[in-house]
Amino acid sequence: MRTARLLKTLTILLVACFAYSGLSSRAVNAQGGWTPYDPKAVDGTVKTDARKEGPIPAGCPFPAVKDKYVIGFAQANSAEPWRTAMNAQLNAAVDALNKQTAGKPSFTLTIADAAQDNAKQVADIENFLTQGVDLLITSPNEASPLTAAVNKAWKACVPVILLDRNITNTDYSMFIGADNVAIGKMAGQSVAKYCKDKSLKPCNVFEIDGLSGTSGAVDRRDGFAAGIKDNPDVIIKVTQNANWLREKAVEIAAPVLQANPDLHVVYAENDPMAEGAYLAAKQTGIDVKKLLFVGVDALPTPDGGIVSVLQGRLGATFVYPTGGKQAIAWAKQILVDHINPPLWVVLPFSGVFPENAQEQCNAYACPLAKAGAATMAATMIATATK
Amino acid sequence: MATDLIRSSAPNFNRKRWLNFLFRFQSLFGLVIILILAVLFSPKPNGVNLFLSQRNLLNILMFASEVGILAVGMTLVILIGGIDLSVGSVMAFIGVIAADLLMNRHDVPVLGTIITVGGWSALAILVVCTLVGALIGFVNGWSAERFKVPSFVTTLAMMSIARGLARAWSNNNSIPIALGSSGEQLSQYGSSGGFGDPVFGLLGGTIGNTGLPIPGLIMIVIALIFGFILTYTAFGRRLYAAGGNPVATRLSGIAVGRLRIYTFMICGALAAIAGLIHASRLNQGSPNESIGYELNAIAAVVIGGASLNGGKGTIAGCIAGAFILQILDNILGLNSVSANVQLVVKGLLVILAVALQQLRPSTESA
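Reading the values: rules and limits
Residues numbered from 1 in each chain as written. Chains lettered and ligands numbered in written order. Predicted model: local features only at pLDDT ≥ 70, side-chain atom pairs only at ≥ 80, totals over all residues. Helix = DSSP H or I, 4+ residues; strand = E, 2+ residues; numbered from the N terminus. Buried ≥ 20, exposed ≤ 12 C-beta atoms within 10 Å, placed from the backbone. Contact = placed C-beta atoms within 7 Å. Core = buried A, V, L, I, M, F, W, Y, C linked by C-beta atoms within 7 Å. Domains from an automatic or database assignment. Pairing = 2+ DSSP bridges. Axes fitted to C-alpha atoms, helices over the stretch in contact; angles between N-to-C directions. Nonpolar A, V, L, I, M, F, W, Y, C, P; charged D, E, K, R; others polar. Expected span 1.5 Å × (residues − 1).

1. Notes on the overall build of chain A
Along its length, chain A carries twelve helices and 15 strands. Each of the 386 residues in chain A was classed as buried or not, and the buried ones make up 51%. For chain A, the share of sequence-separated contacts (at least 6 apart) that also reach a separation of at least 24 residues comes to 74%.

The structure is reproduced here in structure tokens:
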């Protein structure tokens, strides 16, 4: 009697086990259920469409439904002003999202800074994986060293969003950034126009590059070379490397400016380096009015590019959006709404020149903004990039 | 023995024995304490101790290996009363050379003809780079002996020279390394040349499915070799003697100067190996890498119980020191503590380790 009852309970248990495992495995294999993204709701333009199997490798389970999501952000170098702004925008976006969802689900953002050290950033990403973050956002310090770590995270079924800097393959969920080649090209074209207007033959350019292993440096250099082709008299006379850092630019610009009194344009791949070259020029007693300083970033901060153009230090710069807001928006869509995002989203940029600097300042609320003076163009730019 | 009888009558004899024991294994006790603290303070989501997870422990081994290899070389140098500040720059320089020789081909005019240098195999690069490291170590040691200046000065100069050479060789650029078969796609952000010998990737990789880091194995092998050399060979005994009392050692017929040069050469060669591992792990040879690694190596050696005056120190101690530093980094990272706090704690640990040495009883068991 007792053995019969025992056997009955055992068989019921076994059947229940098989049923449960059958059900759960079906849930695991239901990966094909990613919702396609809405093209009209994309903040920016789509350069590469979504992957068919979804933002994580085929065979990975759906991101689990939770009430608390942890997002890890591995920053390359928080000390750079543009990246400080990126961190601030990411934090602001997460706060806004939490207000919007009223805490159900809630999102926590943890930022780890690598201070331009590749090995440290690899360690940061490994720590995030050990901690078990739900989504990884990263701006790789340099492409080659970080590719293996990013791939590892992606293959471990953690969605990975790359911001601004790319890696050497496409094993990630999505890349969000502005088109650095186009920015470099617009910079080159504005330099070509400047040289033509001033009838400078030849027009000598001093190029200051960012950290050479970054996708931004490669793209802005290539774009600039293409842009100056508009004017065959423009030649890049000297190229130096300042690793995106202002203090490094001061160091390397001083001897170059002194040894080459026939320079007309200084093209630096970001604003801090352009400002550093400007400082170096002033310190060595060179007439800065004879030089055109071009940078990229145009942050609306008191020491940023827009104020610099207004105050006549920089001749041109380009508003380069950080993408922080977009990254958090897409993170929520991937984790909560299970939307399959496009692989590459391009954010728009705009030029800041002396003639439109005041408008840009008003649009981005920089310290020298004049209230009520925003024009239609400026507000359009503001809505497109914010 | 007579001295024992005299000593045993002293009231605090037992306490001295315990203190001796404690200080001899200071670094190992420190390691045990920090392991316990790490396990206690590890995040435990869903009851799983993250610190003790297999992935985390293997990560600790992987990241500690470069500093561990540097620390072994640094221990030898510190044992003999010197110091080597150039190891970080040597790592970067060797990384640049290795990446360049692996990926690119250069036409070098030599004696009228042009020979193509580059695209070498990983083994050739390993041998050449280790020799270059030994050569740099030779320059460090020889200049200290010849000009009778402290090795602090000559290695400080070499720190600058090696970094400058690295920057000049690579023209301030990072040289990306792409390994693999020719069928793979090359990204415009990666290497601009072809592919390098895939064997080079083994240096910084893991063993198949187990995830065991090869740099960790290399560190363990090097530690065992030099631990054996220090304890059981005449060379090792001479190092301790020269470090503890250089005058007496020289007067007893041992060439202390030559011994010093050998240790600097070993340190340079080990720094080269660490540089190769670093370049392989990060797939890049860059002159901006490994900044400050010499400080990590010195910190590991000091925390391991070596005396900066020379004559005291063990390989086991320096490896323990390297692990202590890495476990600290790891547990602070897992708890998402700012990296700045890690730097401060590292500095405090070094001061603590050095201060503890002052409390060491002056007589030790022979």
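2. As for the nonpolar core
Counting 196 residues, the largest nonpolar core has Val191, Val266, Ala277 and Val294 of chain A together with Leu70, Ala71 and Leu270 of chain B as its most contacted members. Element by element, the count of residues in this core is highest for helix H12 (residues 256-282) of chain B, at 18 residues. Mapping this core onto the domain boundaries places at least three of its residues in each of domain 1 (33-172 + 323-348) and domain 2 (180-320) of chain A.

3. A word on the sheet that holds strand S11 (residues 292-294) of chain A
Residue and element names in this part refer to chain A. An order of S9-S8-S10-S11 is seen for the four strands of this open sheet, with the pairing classed as parallel. Both outer strands of the open sheet, strand S9 (234-241) and S11, are each paired with one neighbouring strand and no more. Taking the axes of each pair of neighbouring strands and ignoring which way they run, one obtains an average angle of 20° across the sheet. With four bridges connecting them, strand S8 (residues 203-209) and strand S10 (residues 265-268) associate as parallel partners. What sits directly across from Phe206, in S10, is Val266. Of the strands in this sheet, S8, S9, S10 and S11 touch helix H5 (residues 180-197), which is tilted by about 175° from S10.

4. Concerning the domain arrangement of chain A
Residues and elements named next belong to chain A. Each assigned domain of chain A is listed with its residue range as follows: domain 1 (33-172 + 323-348) and domain 2 (180-320). Relative placement of domain 1 and domain 2: their C-alpha centres are 31 Å apart. With ten residues of domain 1 in contact, the opposing surface of domain 2 contributes 13 residues. When contributions to the side of domain 1 that touches domain 2 are tallied by element, the ones reaching two or more residues are helix H2 (81-101) and helix H4 (143-155). The element best represented in the side of domain 1 that touches domain 2 is H2, accounting for three residues. When grouped by side-chain class, the residues that make up the side of domain 1 that touches domain 2 number four nonpolar, two polar and four charged.

5. With respect to the pairing of strand S2 (residues 113-118) of chain B
Residue and element names in this part refer to chain B. A small share of S2 lies buried, amounting to zero of its six residues. One ladder, built from six bridges, connects strand S1 (residues 105-110) with S2; its direction is antiparallel. By the bridge assignment, Arg105 is partnered in S2 with Gly118. With antiparallel pairing between neighbouring strands as the criterion, S1 and S2 make up a hairpin whose turn holds two residues, including Leu111 at a positive phi of roughly 50°.

6. A short note on helix H6 (residues 215-227) of chain A
Taking 1.5 Å of rise per residue, the 13 residues of H6 of chain A would be expected to cover 18 Å, and the 18 Å separating its terminal C-alpha atoms lies within 8% of that figure. Buried residues belonging to H6 of chain A abut H4, H5, S8 and S10 of chain A.

7. Here we look at the interface of chain A and chain B
Taken together, the contact between chain A and chain B spans 26 residues of the former and 27 residues of the latter. Secondary structure elements with two or more residues in the side of chain A that touches chain B: strand S4 (106-113), helix H3 (118-131), H4 and H6 of chain A.

8. Thoughts on the pairing of strand S14 (residues 344-347) of chain A
Residue and element names in this part refer to chain A. Burial of the side chains of S14 is restricted to one face: Val345 and Leu347 are buried, whereas none of Trp344 and Val346 on the reverse face is. Pairing geometry for strand S2 (residues 45-48) and S14, over three bridges, is antiparallel. Paired with Thr48 across the bridge in S14 is Trp344. Pairing between strand S7 (residues 174-178) and S14: four bridges, direction parallel. The residue bridging Ile176 from the neighbouring strand is Val345, located in S14.

9. Here's the deal with unusual backbone geometry
Here the residue pair Lys104 of chain A and Pro105 of chain A is connected by a cis peptide bond, since its omega of 0° sits within 30 degrees of zero. By secondary structure assignment, the location of Pro105 of chain A is in the loop between H2 and S4. Cis rather than trans, the peptide bond between Lys201 of chain A and Pro202 of chain A has omega equal to -10°. Of note in the backbone geometry, Ala115 of chain A takes a positive phi value of approximately 50° without being a glycine. With 15 C-beta atoms packed within 10 Å, Ala115 of chain A lands in the partly exposed category. Of note, the phi angle at Asn171 of chain B is positive, near 55°, even though the residue is not glycine. For Asn171 of chain B, the location among the structural elements is in the loop between helix H7 (151-170) and strand S3 (175-176).

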